[in-house]
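Fold and contact review
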Amino acid sequence: MTAQDILQQLEQLGCASTKNTLMKHGACEPFFGVKVGDLKPIQKKIKKNYELSKELFATGNSDAMYLAGLIADEKAMIKADLQNWAENAYWYMLSEYTVAWVASESAYGFELAKEWINSGDERLATTGWATLSSMAGIKQDNELDLDYLSQQLDHVAEVIHQSPNRVRHTMNGFVIAIGSFVPTLSDKAKEAAKTIGKVHVDMGGTACKTPEAFPYIAKVEQMGRAGRKKKTARC
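A brief look at the structure comes next. (Residues numbered from 1 in each chain as written. Predicted model: local features only at pLDDT ≥ 70, side-chain atom pairs only at ≥ 80, totals over all residues. Heavy atoms only, no water.)

1. Let's talk about unusual backbone geometry
Comment: phi is negative for the bulk of residues other than glycine, and the bulk of peptide bonds are trans. Along the chain, Glu 29 connects to Pro 30 via a cis peptide bond; the corresponding omega equals 5°. Relative to the helices and strands, Pro 30 is located in the loop between α2 (16–25) and α3 (36–46). Phi at Lys 47 takes a positive value of approximately 65°, unusual for a residue other than glycine. Its location among the elements puts Lys 47 in the loop between α3 and α4 (50–58). (Helix = DSSP H or I, 4+ residues; strand = E, 2+ residues; numbered from the N terminus.)

2. Topic: the packing of helix α7 (residues 92–105) against helix α9 (residues 122–138)
Running from N to C, α7 and α9 cross one another at 50°; their axes reach a closest spacing of 8 Å. Judged on the interaxial angle alone, α9 and α7 are oblique. As for how α7 packs across α9, the hand of that crossing is right-handed. Taken together, the residues of α9 that come into contact with α7 (itself represented by Ser 95, Glu 96, Val 99, Ala 100, Trp 101, Ala 103, Ser 104 and Glu 105) are Arg 123, Thr 126, Thr 127, Ala 130, Thr 131, Ser 134, Met 135 and Ile 138. By residue class, the composition of the contact of α7 with α9 is seven nonpolar, six polar and three charged. (Axes fitted to C-alpha atoms, helices over the stretch in contact; angles between N-to-C directions. Parallel < 35°, antiparallel > 145°, perpendicular 65-115°, else oblique. Left-handed = near helix turned anticlockwise from the far one by under 90°. Contact = heavy atoms within 4.5 Å. Nonpolar A, V, L, I, M, F, W, Y, C, P; charged D, E, K, R; others polar.)

3. Looking at the side chain of Ser 133
Among the secondary structure elements, Ser 133 is positioned in helix α9. By relative accessible area, Ser 133 is classed as buried at 14%. (Buried < 20%, exposed > 50% of the residue type's maximum accessible area, 1.4 Å probe, protein only.)

4. Digging into α4
The periodicity of an α-helix, 3.6 residues per turn, causes residues three or four positions apart to be oriented the same way. Among the residues of α4, those classed as buried are Tyr 50, Leu 52, Ser 53, Leu 56 and Phe 57. Looking straight down α4, one finds its buried side chains confined to an arc of 165°; they lie on one side. Residues of α4 that are buried make contact with α1 (3–13), α3, α5 (62–71), α6 (79–88) and α7. If you check the start of α4, you find a side-chain oxygen 3.3 Å away from the backbone N of Glu 51, and it comes from Asn 49. (Arc of directions from axis to C-beta. Polar contact = N/O pair within 3.5 Å; in protein donor to acceptor, adjacent residues only side chain to side chain.)

5. Observations regarding the pattern of salt bridges
For the coordinates displayed, the defined rule picks out 13 salt bridges. Residue Arg 234 is joined to Glu 105 by a salt bridge in which the shortest nitrogen-to-oxygen separation is 2.6 Å. Taken together, the positions of Arg 234 in the segment after α13 (213–222) and Glu 105 in helix α7 put the pair 129 residues apart, joining distant regions of the chain. Assessed through its relative accessible area of 10%, Arg 234 is described here as buried. Residue Glu 105 is classed as buried on the basis of its relative accessible area, which comes to 16%. Overlapping salt bridges bring together Lys 48, Glu 74, Glu 105 and Arg 234 as one network. (Salt bridge = Lys/Arg side-chain N within 4 Å of Asp/Glu carboxyl O.)

6. Focus: the nonpolar core
Of all hydrophobic cores here, the largest spans 41 residues; its most connected members are Leu 10, Leu 56, Leu 67 and Trp 85. If you list the elements that add at least two residues to this core, you get α1, α3, α4, α5, α6, α7, α8 (109–116) and α9. Ignoring any residue separated from it by four or fewer positions in sequence, one finds Leu 10 in contact with Phe 32, Val 34, Leu 39, Ile 42, Asp 63 and Ala 64. If you look at the next biggest cluster of nonpolar residues, it comprises 31 residues, including Leu 132, Leu 144, Tyr 148 and Leu 185. (Core = buried A, V, L, I, M, F, W, Y, C linked by side-chain atoms within 4.5 Å.)

7. Considerations on helix α11 (residues 165–181)
Under the 1.5 Å per step criterion, the end-to-end length of α11 is 25 Å for 17 residues, consistent within 8% with the ideal 24 Å. Taking burial as the measure, the 17 residues of α11 include 16 buried ones, the bulk of the element. (Expected span 1.5 Å × (residues − 1).)

8. What about the packing of aromatic side chains?
If you walk through the whole model with that rule in mind, you get seven aromatic pairs. Relative to Tyr 92, the ring of Trp 91 has its centre 5.4 Å away and its plane inclined at 70°; by these criteria the two rings are edge-to-face. Given the relative accessible area of 4%, Trp 91 is considered buried. Their ring planes at 10° and their centres at 5.6 Å tell us that Tyr 97 and Trp 101 sit as a pair that is stacked. In this pair, Tyr 97 and Trp 101 both sit in helix α7, four residues apart, roughly one turn of the helix. When its relative accessible area of 30% is taken as the criterion, Tyr 97 is described as partly exposed. Assessed through its relative accessible area of 9%, Trp 101 is described here as buried. An aromatic cluster is present here, built from Tyr 66, Trp 91, Tyr 92, Tyr 97 and Trp 101 joined pairwise through their rings. The aromatic ring of Tyr 148 is capped on one face by Lys 114, whose charged end is 5.8 Å from the ring centroid. (Phe/Tyr/Trp six-rings, centres within 6.5 Å; stacked < 30°, edge-to-face > 60°. Lys NZ or Arg CZ within 6 Å of the ring centre and 35° of its normal.)

What follows is the structure, encoded as structure tokens:
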């Protein structure tokens, strides 16, 4: 199966209402408006394919770029691949999901996340925070740099309300991820969440909202899911 074959499939799966919704969230041409659920059978058939994922991402088609993240072989991805993807992920479903997921599962996730969160480019910064959040969800605590993550909780509590729009959203997500997935830092994350309070993010007129971190973490604990790691960041 070639990238062109897949693009033809994606065109057939495109949905006008889905396309309209995604455009409201930031997607732009060229893309077909394929539902994520309709990408799953293609992902299941291909499984992981390093070269094909790079070809799909390079098309610039949002549907194909998202699929690229689902089939990317994280063990084959090199640092330059991930940097290229991060720089070309033009809206948040690609920057905060696709790229962050693959980066978090790769050998370069932590290294790149530390670079990206300090970027003056809002999208790169959001990719960095989302990568750290994904790592918290899939890596065992002994695989994480807990001192660094603790420092970042302090940093977020101090600067979140003065940070760029989507950076605020992903910083808030970082606090939630640490509080939900890293028991050693859960209490500190909850204290940071109390300090932060409600985070205001412009969602471009969509119905999406940024959840308040403390109640979110508390709900995860009440459900008995605190500290429960995921098998994969991708979904």
